[in-house]
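These are the residues of each chain, in order.
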There are 2 protein chains.
Amino acid sequence: MTLKQLEAFYWSAILGSFALAAERLFMTQSALSKRIQELELEIGVPLFDRSGPRARITDAGENILSRAEQLLSLRDEIVVAARGPSGLRGTCRFGVSELMAMRYLPSIVAAIRRDYPEVILEPRVAVTKELLEDVEKGETEFAIAPGRSLDPAVISEQICEVPLLWVASPGLFHEDRPVTAEELQHHPIISMSEKAGSTMQLLDLSARRGLRFRRVLTTNSPEAVAVATIAGLGVALLGGPFVERYLTEGKLVRLAVEDRLQVPDLAYCIHWRAENSRVLARKLREISRDICLAGR
Amino acid sequence: MTLKQLEAFYWSAILGSFALAAERLFMTQSALSKRIQELELEIGVPLFDRSGPRARITDAGENILSRAEQLLSLRDEIVVAARGPSGLRGTCRFGVSELMAMRYLPSIVAAIRRDYPEVILEPRVAVTKELLEDVEKGETEFAIAPGRSLDPAVISEQICEVPLLWVASPGLFHEDRPVTAEELQHHPIISMSEKAGSTMQLLDLSARRGLRFRRVLTTNSPEAVAVATIAGLGVALLGGPFVERYLTEGKLVRLAVEDRLQVPDLAYCIHWRAENSRVLARKLREISRDICLAGR
DNA sequence: TGGCTTTACGGTTTTCGTAATCATT
DNA sequence: AATGATTACGAAAACCGTAAAGCCA
């Protein structure tokens, strides 16, 4: 039995596919397949059922999964324990939504650099859904993004709440009373892709209230949305911090809207796979959480 | 990092020497040395201090020792968990004193055969001191022998007590009163080697009381001692069960002795290295203990 | 057919033991 | 001198990737 075999088994079990596991471990399917066969030969029991379209873990495999995971995390701990606390090395991929990146990524990176100078960081800034999918697939160790994952294997711990504001160019609405849904529907909605947290809230709202919005300008940059809104292209639903500056400068105004247009605050969470017990991942996740909770 | 490297590290640390570890792992010093060097290169910290006459573990090495041990025992557990409870395989070396072997070894072997048919047993029957040394050096997983180990890393759990009896041929002593030390010293003492439990008690007695016994017939077979005693060659101090049969047959008589010749009962224990957490070793040790405690 | 897994094969890398060398008592 | 650890080197084994072949939807 070797650590490589156990690692191959572990990721094949977690990702539910040899192909994905091979990709994650930077090797070919062929090599990974053989590793797992050798492990099965070693312990004398099949760990995966190959009869279906993809490899499915067997009962025997389930029985050893948690132990394999413990064993692999002990391997990481050994390195840390030997080198001392600041000797943590390795690479950590994690995801951050654009808003959180804007606010906290510099602090997070600085703190990690200070405590663990040897660690190589691979942060990824993307939209909510992509970040969550990466965590679910084990591509990233954790992600800071709004909402909850539907995958029960993913733990989401709330960090903060961010209000979503309806904003528009100052000239667009003149009445003092709250804007109604009908009035809003006359204008194009400027939003990001359907995988962005704010857009998901928007779609949710339109589904619940039976509204139809005309969305324009496909982009994944909230800044581009803000700029387009300033230009008077339409109205937008954006996270407070993105528009704060423009509101104080008077380039955008916040729209008061009727109750049925109210959107709940975005609950930002830190998400990670429950069974992930890599020391490096846990430490960096905790640092990131603390920084977000402390508000810098 | 590989399991082989960790195993090499573990045994080098436990046995305090590369040479012994290499012997235990059935490989050459050269190969083991290189394995450990590779492990050190991997984690970036020296695990052993080679400046002395033999390799001494460093602080960094101490820090990871327990984790390495946990990791290695997880490896064993994985096999067991995958194969199911009776799928335990592997080889187990253990030591048994001759008396305990006579009484319990058949039952122990039968019970293990029944519960773990795949396990290969390598029992060793020897005298007390050899058995304890084997446990201390990690040569055997556990031993059933009288007395306690002086090594603090060895745990000894008492199983039973066996009386040591002074015996002689019926013709040797005629008086009804207890035999005195002076009378006893006139006869040769038939005993086993100094590494045997009963002989150790004998030597302890002679040291404490300032007696000088004339020991003859060097052997490690209690049966040979009994036979020689029956032949009238001298007196012997033997474990009760060895002489029971001869006493009832009248071939030997138990000598009543004065107080200063009284020898305490031999406390038989099961001994094992505290840090040994091999699943196989633990299970078989527990089976053996239960059989001894139940008296078959 | 197309995604996923296994088999076959070769070339590279790793690993190990022998033998020689170094270091410490 | 003797024990224990390291280095050098050649042989054997393990490992990996490419390419081809099976296998199930």
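Because the structure is a prediction, the values reported are computed rather than measured.

**What to know about the overall build of chain A**
- Within chain A one finds 11 helices and 12 strands.
- Taken along the three principal axes of its C-alpha coordinates, chain A extends 75 × 45 × 30 Å.
- Burial statistics for chain A: of 296 residues in total, 53% are counted as buried.
- About 13,600 Å² of surface is accessible on chain A, with carbon and sulfur atoms providing 50% of the total.
- Here chain A contributes 37 positive and 39 negative side-chain charges, whose respective centroids are spaced 3 Å apart.

**Examining the interface of chain A and chain B**
- Taken residue by residue, the interface counts 23 residues in chain A and 23 residues in chain B.
- Together, the buried faces of chain A and chain B total about 2,100 Å²; carbon and sulfur atoms form 76% of this surface.
- Along the contact surface separating chain A from chain B lie 2 salt bridges.
- The closest approach of N and O atoms between Glu77 of chain A and Arg67 of chain B, which form a salt bridge, is 3.2 Å.
- Run the count over chain A and chain B and you get 4 residue pairs in polar contact (both at pLDDT 80 or more).
- Of all the secondary structure elements, the ones that give two or more residues to the side of chain A that touches chain B are helix 1 (3-15), helix 3 (29-43) and helix 4 (59-83) of chain A.

**Concerning unusual backbone geometry**
- We note that Phe26 of chain A has phi near 55°; this positive angle belongs to a residue other than glycine.
- Classification of Phe26 of chain A by relative accessible area gives exposed; the value is 71%.

**Description of the pattern of salt bridges**
- In the structure shown here, the tally under the stated rule is 43 salt bridges over all chains.
- Put simply, Asp204 of chain B and Arg208 of chain B hold a salt bridge, and the shortest N to O gap is 3.2 Å. In this pair, Asp204 of chain B and Arg208 of chain B are both assigned in helix 8 (residues 197-209), 4 residues apart and thus about one turn of the helix distant.
- Among the ionic pairs, Glu223 of chain B bridges to Arg245 of chain B, the shortest N-O distance being 3.7 Å. Linking Glu223 of chain B in helix 9 (residues 222-230) with Arg245 of chain B in helix 10 (residues 240-249), this pair joins segments that are 22 residues apart in sequence.
- Ionic contacts of the salt-bridge type, sharing partners, join the residues Glu7, Arg75, Asp76, Glu141 and Arg278 of chain A into one network.

**Things to note about the environment of Ser12 of chain A**
Residues and elements named next belong to chain A.
- Assignment of secondary structure puts Ser12 in helix 1.
- On the basis of relative accessible area, Ser12 is assigned to the buried category, the value being 0%.
- In this structure, Ser12 is in contact with Ser17, Phe18, Ala21, Leu32, Ile36 and Phe48, ignoring residues within four places of it in sequence.

**Here's the deal with the protein's contact with DNA strand D**
- Around DNA strand D sit 22 residues, and of these Arg35 of chain A together with Ala19, Gln29, Ser33 and Arg50 of chain B come closest.
- The sugar-phosphate share of atoms of DNA strand D within 4 Å of the protein amounts to 71%.
- Here a phosphate oxygen of DNA strand D sits 3.1 Å away from a polar atom, N or O, in the main chain of Phe18 of chain B.
- One of the side-chain nitrogen or oxygen atoms of Gln29 of chain B is found 2.9 Å away from a base nitrogen of DNA strand D.
- Mapped by element, the contributors of at least two residues to the surface near DNA strand D are helix 3 of chain A together with helix 2 (18-24) and helix 3 (29-43) of chain B.
- In the surface near DNA strand D, the residues fall into 7 nonpolar, 8 polar and 7 charged.

**Here we look at the layout of surface pockets**
- In this structure, the largest pocket occupies an estimated 1,200 Å³ of space.
- Residue lining of the largest pocket: 44 residues in total, with Glu7, Leu72, Arg75, Asp76 and Arg278 of chain A positioned closest to the centre.
- Within the residue set of the lining of the largest pocket, elements represented by two or more residues are helix 1, helix 4, strand 3 (90-97) and helix 11 (279-294) of chain A together with helix 1 (3-15) of chain B.
- With 8 residues, the top contributor of residues to the lining of the largest pocket is helix 4 of chain A.
- Of the residues belonging to the lining of the largest pocket, the class tally is 16 nonpolar, 9 polar and 19 charged.
- Empty space within the second largest pocket amounts to approximately 950 Å³.
- Residue lining of the second largest pocket: 34 residues in total, with Glu7, Arg75, Asp76, Thr91 and Arg278 of chain B positioned closest to the centre.

**Topic: the nonpolar core**
- Ranked by size, the top nonpolar core spans 69 residues in total, and within it Phe9, Leu32 and Phe48 of chain A together with Phe9 and Leu32 of chain B carry the most contacts.
- Elements represented by at least two residues in this core include exactly helix 1, helix 2 (18-24), helix 3 and helix 4 of chain A together with helix 1, helix 2, helix 3 and helix 4 (59-83) of chain B.
- In contact with Phe9 of chain A, other than residues within four places in its own chain, are Ile36, Leu39, Leu47, Phe48, Ile57, Gly61, Ile64, Leu65 and Ala68 of chain A.

**As for empty space enclosed by the protein**
- Per the counting criterion, the structure on display carries 2 cavities of 30 Å³ or more.
- Estimated volume of the largest cavity: approximately 40 Å³.
- Forming the walls of the largest cavity are Ile190, Ser191, Met192, Ser198, Thr199, Leu202, Val225, Leu237 and Leu238 of chain B.
- When contributions to the lining of the largest cavity are tallied by element, the ones reaching two or more residues are strand 8 (189-192), helix 8 and strand 10 (235-239) of chain B.
- Taken together, the residues that form the lining of the largest cavity break down as 6 nonpolar, 3 polar and no charged.
- For the second largest cavity, the calculated volume is near 30 Å³.
- Along the walls of the second largest cavity sit Leu15, Leu20, Lys137 and Glu139 of chain A, which together make up its complete lining.
- Partitioning the lining of the second largest cavity into residue classes produces 2 nonpolar, no polar and 2 charged.

Calculation criteria
Residues numbered from 1 in each chain as written. Chains lettered and ligands numbered in written order. Predicted model: local features only at pLDDT ≥ 70, side-chain atom pairs only at ≥ 80, totals over all residues. Heavy atoms only, no water. Helix = DSSP H or I, 4+ residues; strand = E, 2+ residues; numbered from the N terminus. Buried < 20%, exposed > 50% of the residue type's maximum accessible area, 1.4 Å probe, protein only. Areas by Shrake-Rupley, 256 points an atom, 1.4 Å probe, with all protein chains shown as cover. Lys, Arg positive; Asp, Glu negative; His and termini not counted. Charge placed at Lys NZ, Arg CZ, Asp CG, Glu CD. Contact = heavy atoms within 4.5 Å. Buried area = accessible area lost by both parts, 1.4 Å probe. Salt bridge = Lys/Arg side-chain N within 4 Å of Asp/Glu carboxyl O. Polar contact = N/O pair within 3.5 Å; in protein donor to acceptor, adjacent residues only side chain to side chain. Near = heavy atom within 4 Å. Nonpolar A, V, L, I, M, F, W, Y, C, P; charged D, E, K, R; others polar. 1 Å grid on protein atoms, 1.4 Å probe; cavity = no way out; pocket = protein on both sides within 12 Å on 5 of 7 lines; lining within 4 Å. Points joined across faces, edges and corners; volume = space filled by probe spheres on them. Core = buried A, V, L, I, M, F, W, Y, C linked by side-chain atoms within 4.5 Å.

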